[in-house]
Amino acid sequence: MSDSDFSPGRGSFGDGGSAGPPPAATARRPSRSPLVTALVVAAALIILLTIVAQFWTEVLWYQSVDFVGVFRTQIVTRLLLGLAGGLVMAAVAWSSIHFAYRGRPIYAPSPETQAMEHYRQLVEPMRRTATIAAPLALGLFAGLSAATQWDTFQLWINGQPFGTTDPEFGLDIGFFVFTLPWINFVIAFLTMVLIVGIIAAAFTHYLYGGIVIGSHTRTTQAARVHLSILLAVLVLVRAVAFWIDRYNLATAQSTRMTGIQYTEAHAVIPTKAILAVAAVMCAILFVSTIWTRSWRLPIVGVAVLVVCVVAVGGIYPALVQSLKVKPSEKSLEVPYIDRNIKATRAAYGFNDIKVESYNTKTVAAPGQLRGDAATVPGIRLIDPNIVSPTFKQLEASKGYYQFPDVLDVDRYMVDGKLTDTVIAARELDLNGIPDGQRNWLNDHTVYTHGYGVVAAKGNTRDADGRPTFFESQIGQKGSLDPYEPRIYFGENSTEYSIVGGGKKEFDYPDPNGTGQITNTYAGKGGVSLAGMNRLAYALKYKEMNFILSDAVTGDSKILDYRTPRERVQRVAPWLTLDGNAYPAVVDGRVLWILDGYTTSASYPYSQMTTLNVVTQDSVTRTKDSVRAVQAGQVNYVRNSVKATVDAYDGTVTLYQWDEQDPVLKAWMQIFPGTVKPLSDIKGSLMAHLRYPEDLFKVQRELLSKYHDQDPNTFYTGQNFWKVPNDPAQAAEGQELLQPPYYLSLAMPGQDQPAFSLTSTFMPTGDRQVLSGFLAADGDAGTETGKKSPQYGTLRLLETTGGTVNGPGQVYNEMRTSPVNSKDPQLSLTLAQFITTTQQQGAATVTFGNQLTLPVGGGLLYVQPIYVQAKASGSYPRLSAVAVAFGDKIAWAGSLDDALNDLFGGESGAKAGDTGTSTPVTPTPGTTPTPPSSTPTPSESSSPPAPSTTAQPSQPNEAALAQALKDAEAAYAEGEAALKAGNFAAYGQAQDRLKEALKRAVEASPQGTGTPSP
């Protein structure tokens, strides 16, 4: 290839070519219609005002929650980054075009140069505009890209040391978490900018003759200098990228693990350094063209660099992997597997897990639960995933109230005892308002809030299978201390509401009549609609009623962004939130509590995981109110923040929960004053904080492998586990993970039960047996500013000794066991109970949460059984309890009776639910259904008539007739009770039936025969 230089100067097309003929006179264009102009101006003005209104209402909202600093910091950082990134891109693009045009050659026309003349003439009229507009457009896109990295930039500026160094480079972990992501972005951004600059320069030089492509490609000296400098800088940036890629290997993923392995340590890292040096040398060769006036050296340099990338960067590591590593892979990889194990356990917070070998017993003996007498009463029988329809039917009061389809588990002091509780907030459901009453006024100014919470004991139920409520009916005093019951902010508050200003809002139906109780919002939350704020919100929501309706006054307030997750996410955009917010009554207020996580994907050697995958289970996949964490891949997670949202006034409070987390410390430095210290958490709130469910799911998924700390066995995978599938879903053909369960239990070595989150493990493969049991201590204590020392302790039991059946196997055995219940009211197998109850398709039997407890020296399964009619308005009732220990299955109408049956007549512990329910005894041809809100026939009928007995030798026709009449009535009442699902009434009717038949026998001739109604 040859080059030739051209002398600068003006020539035949120095200003775009020859002038050519003068342009023809153009016809005068008709003037634009004033109406069209006015419409265009009006449309532009509306768009501008809408943008301003959107921005202004955002400022007002952040001011209303006292987090305006969060909004300001984000906006300022985004603007600065966007401006800086846009200016860099625009400057490089403009300079490339400007200097290329300025250095264009002037020479006599020739066939090679004349070919571009036509294009230069087309470009020339818009050249000045394009020189400004094109860089600005490119700068806009680059600026928007840079602005999205506001969090990466802030973490780089405010990064904190971890106090731990990585084993390969000796650098603090903070370099990888805070600094390396920003360096990677800057390298990628500069690479993009330089490529755009090179393309713009090359195109302009080509257009104006600085580069001539023909039989001999030629470049001018100006073009050569310009392009060589740009290319040299690009190659230098890539040299830095090669060097930085060495550190990125610490979080690189492979099929086995995340992090550096033998090949990376001994082949890839050295070659990356070699490539960085080679790239620097190549950049020098590009600069040398300024003096050599030839592209030969840089072309040779690029070719050598490409060969190095392929050979040194690709072929050599592949040879090391295949020839050295594979033949001795286990011995060579063990040190790096050990790094991965230690880093993963530290990054996910289970490095201090307490592991114990648990020699499981599988034979049930009388009195075996005596040592666990404190745990058994806390076994939760009420399944929060099933009883939502029960809460709605019994406690919604009206159709415009609703409960989530998955309730929450907490603990409260009830009758002087700390009791596991199933709780839910009674929220407003606008869809339940009659269609004729749905309008903007009602939806946004009248029906504005829900009312109160409903709470039931977790370990007992009423006689008819309903939950034992201790906080229920609207307007009635329950066991909880007095509290503000109005729910203005809740999980179903997705619409804005306009409140206050003296306007009466619907509170709840009047329990003494057909009227209603009203209320006027008096909370501090919300944004005032005084002055121009009304216009701003009218533009934001495109709703003229803000201005026209007399329901909106200067004293009114608007409540928007009302769901707890939404409010916390807006004030703490750096948090990853748990999938479930739960309500708690604290100091006279209903507070929504959320767990916030700080995460990173840059912790060296820690195993990468995908949050939205590992937090999925049968609940998140089948229920709407609980969802998996919406985040991508991470390899560092901390439950660093506990957040609360006041259900009445929307106040958002963030509390520091992990005082050692460097990521949280960085964010607290970025947004000072937004996170309150742990010492500010009152004991009354501390009592309701719990171990977060999604963090537990992440930990249990990783513990299925990383419970094994031996790199040798970890390499073979022989000791890997898996989380079992939900057996109820598996029976329906769906492979969904079993969710973890909250319950109070005492693990081996604990003196007293603790509120815990539990899960089980099975070995990988087809063996349906248990291999481990995991529990996280979720009791934060009740001391102000100080969490319990035991909170967050993870305890893992590795089963040894007898084989314990897995959840799916136990579930199947429960449903098919040939053993009859010893409950006198049942006397049939569980399979017969299910078949009899579900015959004719009028009712369904549902197995509740399958709880697993380490008691009696083994593992006890407890599973409540619910019956629900398919009729409209029905709801599930807790009808029986099935239990399993070893290979033995038992079931009864109460947990006490089931345990006594399981353990040979006496379990040694009392569950406390005996007598709370009379189990159903299905009769062929009948189907139990839940009752309506009206009394059942047996509840309202009078007791049977007094018995009259005839002499055996003489018939007493009057007594016989009365007995038959009573028997017929008792039978009918029993049938009605059974259809209504009132099992207590059914049992009583059966007793009266037996007594009437006995009298009929005695009154019959010679005392023989048994009349039947």
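A. Region of the structure containing the overall build of the protein. Scanning the protein for helices and strands turns up 29 helices and 34 strands. With 1013 residues in all, the protein has 54% of them scored as buried. Of the contacts formed within the protein by residues at least 6 apart in sequence, a portion of 70% connects residues at least 24 apart. Summed over its atoms, the accessible surface of the protein is roughly 43400 Å², and 57% of this surface lies on carbon and sulfur atoms.

B. The arrangement of the pattern of salt bridges in detail. Counted under the stated rule, the structure contains 25 salt bridges. A salt bridge links glutamate 484 to arginine 486; the shortest N-O distance between them is 2.9 Å. If you follow the salt bridges from partner to partner, you end up with Glu58, Lys540, Asp560 and Arg570 in one network.

C. The arrangement of the packing of helix α2 (residues 68–102) against helix α6 (residues 150–157) in detail. It is the contact of α2 with α6, at a shortest axis distance of 9 Å, that shows an interaxial angle of 100 degrees. On the basis of the axis angle, α2 is roughly perpendicular to α6. For the pair α2 and α6, contact is made by Thr73, Gln74, Thr77, Arg78 and Leu81 and by Trp150, Phe153 and Gln154, respectively. Among the residues forming the contact of α2 with α6, the class breakdown is three nonpolar, four polar and one charged.

D. Region of the structure containing a nonpolar patch on the surface. Residues Val302, Val306, Val309, Val310, Ile315, Leu319 and Leu323 make up a contiguous nonpolar surface patch of roughly 580 Å² in combined accessible area. Its place among the elements puts valine 310 in helix α10 (residues 296–325).

E. The pairing of strand β29 (residues 794–801), seen in detail. Direction of pairing for strand β3 (residues 354–360) relative to β29: parallel, over a ladder of seven bridges. By the bridge assignment for β29, valine 355 is matched with leucine 796. Pairing of strand β28 (residues 772–777) with β29, which is carried by five bridges, proceeds in the antiparallel orientation. By the bridge assignment, leucine 774 is partnered in β29 with leucine 796.

F. Up close: the packing of α6 against helix α7 (residues 173–207). Across the interface, α6 lies against α7 with an axial gap of 8 Å and an inter-helix angle of 130 degrees. As far as their axial angle goes, α7 and α6 are oblique. Seen along the crossing, α6 lies across α7 with a hand that is left-handed. Listed contacts from α7 to Thr152, Phe153, Leu155 and Trp156 of α6 are Phe178, Thr179, Pro181 and Trp182. Looking at side-chain class alone, the contact of α6 with α7 contains six nonpolar, two polar and no charged residues.

G. Spatial organisation of the sheet that holds strand β5 (residues 408–414). Strand order across the open sheet formed by four strands is β5-β6-β9-β10, with antiparallel pairing between neighbours. One side of each edge strand has no neighbouring strand; the edge strands of this open sheet are β5 and β10 (467–471). Adjacent strand axes in the sheet meet at a mean angle of 45 degrees, parallel and antiparallel pairs treated alike. Here seven bridges tie β5 to strand β6 (residues 417–425), and the two strands are oriented antiparallel to one another. Residue valine 414 lies in a different strand from β6, and its bridge partner there is lysine 417. Sitting on the sheet, helix α12 (residues 388–395) touches β6, β9 (453–461) and β10, and the angle it makes with β10 is about 55 degrees.

H. Local environment of the packing of aromatic side chains. Applying the stated criterion across every chain, the model contains 49 aromatic pairs. Ring geometry for tyrosine 488 versus tyrosine 648: centroids 5.5 Å apart, planes at 75 degrees, classification edge-to-face. Here tyrosine 488, found in the loop between β11 (486–487) and β12 (497–500), pairs with tyrosine 648, found in the loop between β22 (636–646) and β23 (652–656); they are 160 residues apart in sequence, far enough to count as distant. A relative accessible area of 0% means that tyrosine 488 is categorised as buried. Taken together, a centroid distance of 6.3 Å and an interplanar angle of 10 degrees make the contact between tyrosine 537 and tyrosine 541 stacked. One end of the pair, tyrosine 537, and the other, tyrosine 541, are both in helix α14 (residues 533–541), four residues apart, so they sit about a helical turn from each other. Among the aromatic residues, those joined into a cluster by ring pairs are Phe55, Trp61, Tyr62, Phe71 and Tyr561.

I. Representation of the state of the cysteines in the model. According to the stated counting rule, one finds zero disulfides in the structure shown. Cysteine 308 carries a free sulfur, and the closest cysteine sulfur to it, the one in cysteine 282, is 9.9 Å from it.

J. Examining the side chain of asparagine 639 more closely. As for its position among the elements, asparagine 639 is in strand β22. According to the relative accessible area criterion, asparagine 639 is buried, its value standing at 7%. A polar contact of 3.5 Å, which involves the side chain of asparagine 639, links it to the side chain of aspartate 595. With near-sequence residues (within four places) excluded, asparagine 639 lies in contact with Asp595, Gly596, Tyr597, Trp657, Asp658, Pro692, Leu695 and Tyr791.

K. Summary view of the confidence of the model for the protein. In this model, the protein carries an average pLDDT of 86, and 88% of its residues clear a pLDDT of 70 or more. Per-element averaging of pLDDT across the protein places helix α27 (residues 937–940) at the bottom with 33 and β23 at the top with 98. Note on residues 1006–1013: pLDDT under 50 across the span, and 18 contacts to partners over four residues away in sequence or across chains.

L. View of the nonpolar core. Trp574, Leu654 and Leu689 are the most contacted members of the largest nonpolar core, which totals 152 residues. Among the elements that make up this core, the one with the highest residue count is α7 (14 residues). With near-sequence residues (within four places) excluded, leucine 654 lies in contact with Phe67, Val568, Val571, Ala572, Val641, Lys642, Ala643, Thr674, Val675 and Lys676.

M. Main features of α14. Of all the positions in α14, only Asn533, Arg534, Ala536, Tyr537, Ala538 and Lys540 are classed as buried. Phi turns positive one or two residues past the end of α14, at lysine 542, with a value near 55 degrees.

N. How the structure looks around the sheet that holds strand β16 (residues 556–559). A sheet is described by the order of its strands in space; here three strands give the open sequence β12-β16-β15, paired in antiparallel fashion. For this open sheet the edge positions go to β12 and β15 (527–528), each flanked by a neighbour on one side alone. With two bridges joining them, β15 and β16 adopt antiparallel strand pairing. Bridge pairing links serine 528 to lysine 557 in β16.

O. Looking closely at the environment of glycine 526. Tracing the sequence through the fold places glycine 526 in the loop between β14 (516–519) and β15. Judged by its relative accessible area of 17%, glycine 526 falls in the buried class. When the C-alpha atoms of glycine 526 and aspartate 560 are compared, they prove to be 7.5 Å apart, with 34 residues separating the residues in sequence.

P. Representation of helix α26 (residues 895–902). With seven of eight residues buried, α26 lies mostly within the body of the structure. Where α26 is concerned, the buried positions are Leu895, Asp896, Ala898, Leu899, Asn900, Asp901 and Leu902. Structurally, α26 contributes buried residues whose contacts are with β32 (860–869), β33 (877–885) and β34 (888–892).

Q. How the structure looks around the environment of aspartate 708. By the secondary structure assignment, aspartate 708 is in the loop between α21 (693–706) and α22 (711–716). Exposure remark for aspartate 708: the relative accessible area of 6% places this residue in the buried category. In this structure, the C-alpha to C-alpha distance between aspartate 708 and asparagine 719, residues eleven residues apart in sequence, is 6.9 Å. For aspartate 708, the contacting residues outside a window of four places in its chain are Ile341, Thr713, Phe714 and Asn719. A polar side-chain atom of aspartate 708 sits 2.6 Å from a polar atom in the side chain of threonine 713.

R. Representation of the pairing of β6 within the structure. Taken across its nine residues, β6 has seven buried, putting it largely inside the fold. Here β5 hands over to β6 after two residues, with aspartate 415 in that stretch at a positive phi of 55 degrees. As paired elements, β6 and β9 share five bridges and run antiparallel to each other. Opposite valine 422, over in β9, you have alanine 456 as the bridge partner.

S. Up close: unusual backbone geometry. With phi around 55 degrees, arginine 293 is a residue other than glycine that occupies positive phi space. Examined against the element boundaries, arginine 293 turns out to sit in the loop between α9 (262–292) and α10. By relative accessible area, which is 46% here, arginine 293 ends up partly exposed. Backbone geometry at lysine 542 places phi at a positive 55 degrees, although glycine is not the residue there. Along the chain, lysine 542 falls in the loop between α14 and α15 (545–548). Exposure remark for lysine 542: the relative accessible area of 70% places this residue in the exposed category.

The rules behind the values
- Residues numbered from 1 in each chain as written.
- Predicted model: local features only at pLDDT ≥ 70, side-chain atom pairs only at ≥ 80, totals over all residues.
- Heavy atoms only, no water.
- Helix = DSSP H or I, 4+ residues; strand = E, 2+ residues; numbered from the N terminus.
- Buried < 20%, exposed > 50% of the residue type's maximum accessible area, 1.4 Å probe, protein only.
- Contact = heavy atoms within 4.5 Å.
- Areas by Shrake-Rupley, 256 points an atom, 1.4 Å probe, with all protein chains shown as cover.
- Salt bridge = Lys/Arg side-chain N within 4 Å of Asp/Glu carboxyl O.
- Axes fitted to C-alpha atoms, helices over the stretch in contact; angles between N-to-C directions.
- Parallel < 35°, antiparallel > 145°, perpendicular 65-115°, else oblique.
- Nonpolar A, V, L, I, M, F, W, Y, C, P; charged D, E, K, R; others polar.
- Patch = residues over 30% accessible without salt bridge, like charges linked within 9 Å, V, L, I, M, F, W, Y side chains within 5 Å.
- Pairing = 2+ DSSP bridges.
- Left-handed = near helix turned anticlockwise from the far one by under 90°.
- Phe/Tyr/Trp six-rings, centres within 6.5 Å; stacked < 30°, edge-to-face > 60°.
- Disulfide = S-S within 2.5 Å.
- Polar contact = N/O pair within 3.5 Å; in protein donor to acceptor, adjacent residues only side chain to side chain.
- pLDDT = per-residue confidence, 0-100.
- Core = buried A, V, L, I, M, F, W, Y, C linked by side-chain atoms within 4.5 Å.

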